[in-house]
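Survey of secondary and tertiary structure
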Amino acid sequence: MMYTIDMTQPSLIDFSPVTVAEEVAQNIRMILATPLGSAPLARGVGLDYSIIDEPAYIAESRLTAAIITAITEEEPRAIVADISFHKDIEEQLTGSLAVVLKYSLAEEE
């Protein structure tokens, strides 16, 4: 089964997720939303946000690689299938990159 995380959509923290799929999705969202080095006692968790200062096409490539690496290392229950970015004109003008991630669970394959 394929799951999708759209980082433009708000999400609440669930301290007791019912399913493994909910837990993995929440973990992935936290990895994507955490600047590298900002999590106390877990400085290796997150993404290097300095990538966003690159030109858009370079930033997308470097961020894609960083996301795959971070998820592989921090949430091995997820297998990344696709990473894309919203191409909204407002986001392009503000220089933001909104990630849409598709993944499956390793247990289901």
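Look up: the structure comes first, before these words.
All of the points below concern the structure found in this document. A quick note: this is a predicted structure, and the numbers were derived from the prediction, not measured. (Residues numbered from 1 in each chain as written. Predicted model: local features only at pLDDT ≥ 70, side-chain atom pairs only at ≥ 80, totals over all residues. Heavy atoms only, no water.)

1. Concerning the pairing of strand S3 (residues 99-105)
For S3, a buried count of 6 out of 7 residues is recorded, marking the element as mostly surrounded by other parts of the structure. Two elements, strand S1 (residues 2-6) and S3, share 5 bridges in a ladder whose sense is antiparallel. Within S3, the position partnered with methionine 2 by the bridge is serine 104. By the bridge criterion, 7 bridges tie strand S2 (residues 78-85) to S3 in an arrangement that is antiparallel. Paired with alanine 78 across the two strands is leucine 105, which belongs to S3. (Buried < 20%, exposed > 50% of the residue type's maximum accessible area, 1.4 Å probe, protein only. Helix = DSSP H or I, 4+ residues; strand = E, 2+ residues; numbered from the N terminus. Pairing = 2+ DSSP bridges.)

2. Some points on a nonpolar patch on the surface
Together, Ile13, Phe15 and Met30 give the surface a local cluster of nonpolar side chains, amounting to about 380 Å² of exposed area. Mapped onto the fold, methionine 30 is located in helix H1 (residues 20-33). Owing to a relative accessible area of 43%, methionine 30 belongs among the partly exposed residues under this scheme. (Patch = residues over 30% accessible without salt bridge, like charges linked within 9 Å, V, L, I, M, F, W, Y side chains within 5 Å. Areas by Shrake-Rupley, 256 points an atom, 1.4 Å probe, with all protein chains shown as cover. Salt bridge = Lys/Arg side-chain N within 4 Å of Asp/Glu carboxyl O.)

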